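Structural characterization, general
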Amino acid sequence: FDEPAPRTRPVVQPLRREATRLRLPASLAAMRAHELVFSPSGLRTFNDCAFKHFAQFRMHLKGRPRQEQGLTPKLRGDIVHAAIMEWDRGGRVEDIGTIFERMFESQTRDLTGVHDSHTAKKMRAAMLADLRNFEISEQSRGETYRTDVDPAYVEKDFIFPFTLPDGTTVELKGRVDRVEFRGDI
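Residues numbered from 1 in each chain as written. Predicted model: local features only at pLDDT ≥ 70, side-chain atom pairs only at ≥ 80, totals over all residues. Heavy atoms only, no water.

1. Examining the overall build of the chain
Assigned secondary structure in the chain consists of 8 helices and 3 strands. The N-to-C order of helical and strand elements in the chain reads α-β-α-α-α-α-α-α-α-β-β. Looking at the chain as a whole, 21% of its 185 residues qualify as buried. Long-range contacts, defined here as pairs at least 24 residues apart, represent 57% of the contacts in the chain between residues at least 6 apart. If you sum the accessible surface of the chain, you get close to 14,700 Å²; carbon and sulfur atoms cover 56% of it. (Helix = DSSP H or I, 4+ residues; strand = E, 2+ residues; numbered from the N terminus. Buried < 20%, exposed > 50% of the residue type's maximum accessible area, 1.4 Å probe, protein only. Contact = heavy atoms within 4.5 Å. Areas by Shrake-Rupley, 256 points an atom, 1.4 Å probe, with all protein chains shown as cover.)

2. Regarding the environment of Gly90
Along the chain, the position of Gly90 falls in the loop between α5 (73–89) and α6 (96–108). It is 8.7 Å that separates the C-alpha atoms of Gly90 and Pro151, two residues lying 61 residues apart in sequence.

3. Overview of the packing of α6 against helix α7 (residues 118–139)
Relative to each other, α6 and α7 sit at 145°, their axes nearing to 10 Å. Here the hand of the crossing between α6 and α7 comes out right-handed. Two secondary-structure elements touch here, α6 through Ile96, Gly97, Phe100, Glu101, Phe104 and Glu105 and α7 through Arg124, Met127, Leu128, Leu131, Arg132, Phe134 and Glu135. (Axes fitted to C-alpha atoms, helices over the stretch in contact; angles between N-to-C directions. Left-handed = near helix turned anticlockwise from the far one by under 90°.)

4. A word on the nonpolar core
Side chains of nonpolar character tend, in soluble globular proteins, to be buried together. Core analysis: the largest hydrophobic core is formed by 17 residues, its most contacted members being Leu71, Ile79, Phe100, Phe104 and Leu131. Elements with a minimum of two residues in this core: α5, α6 and α7. Per element, the largest residue contribution to this core is 7 residues, and it comes from α5. The contacts of Phe100, once residues within four sequence positions are left out, are Ile79, Ala83, Arg124, Met127, Leu128 and Leu131. (Core = buried A, V, L, I, M, F, W, Y, C linked by side-chain atoms within 4.5 Å.)

5. Digging into the packing of aromatic side chains
Evaluated as defined, the whole model comprises 3 aromatic pairs. Ring geometry for Trp87 against Phe134: centres 6.0 Å apart, planes inclined by 65°, an arrangement best described as edge-to-face. Of this pair, Trp87 sits in helix α5 while Phe134 sits in helix α7; the two residues are 47 residues apart in sequence, bridging distant segments of the chain. (Phe/Tyr/Trp six-rings, centres within 6.5 Å; stacked < 30°, edge-to-face > 60°.)

6. Overview of the pairing of strand β2 (residues 148–163)
Pairing of β2 with strand β3 (residues 169–181) involves 11 bridges; the strand directions are antiparallel. Note that in β3 the partner of Asp157 across the bridge is Arg175. The turn joining β2 and β3, which pair antiparallel and follow one another in sequence, is formed by 5 residues; a positive phi near 95° is taken by Gly167. (Pairing = 2+ DSSP bridges.)

Take a look at the structure:
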């Protein structure tokens, strides 16, 4: 009668994970041509989650439909920024609330549930209250800050080209909320 062999655990070798490289020159060239313009928010998305960046910017997925309806954070920001831009460019003469209502109506005209739901009404009221507070703070701006805002540089689009070490030029594209300057410089 033989004794059973002692039980041993198999030796597990660590996996060697090497970066996978795309080897199809045409596909690589097409992807590289598409990825020559970046936005600050796109870079932020990539930094937060590379897969989310891939899904949003490469596959152009928009998320689940219920998440995209109504007053999304992006739409709220677009409305508020449009109101501030028009208010600034108009010399800050027209009531910012009137401008907000006009921007809100024009940008939500085709959406359902934005004008009558309780949550949407609360968000709309909060957006307007924030704009009113912004207007008040801008009126006392001269007492607090030593800079002025140039209306020509409110909500200004920009493109900054960068040349990478391999000679490829990429662009950082976005929009600046506003540019402030000092008159004595």
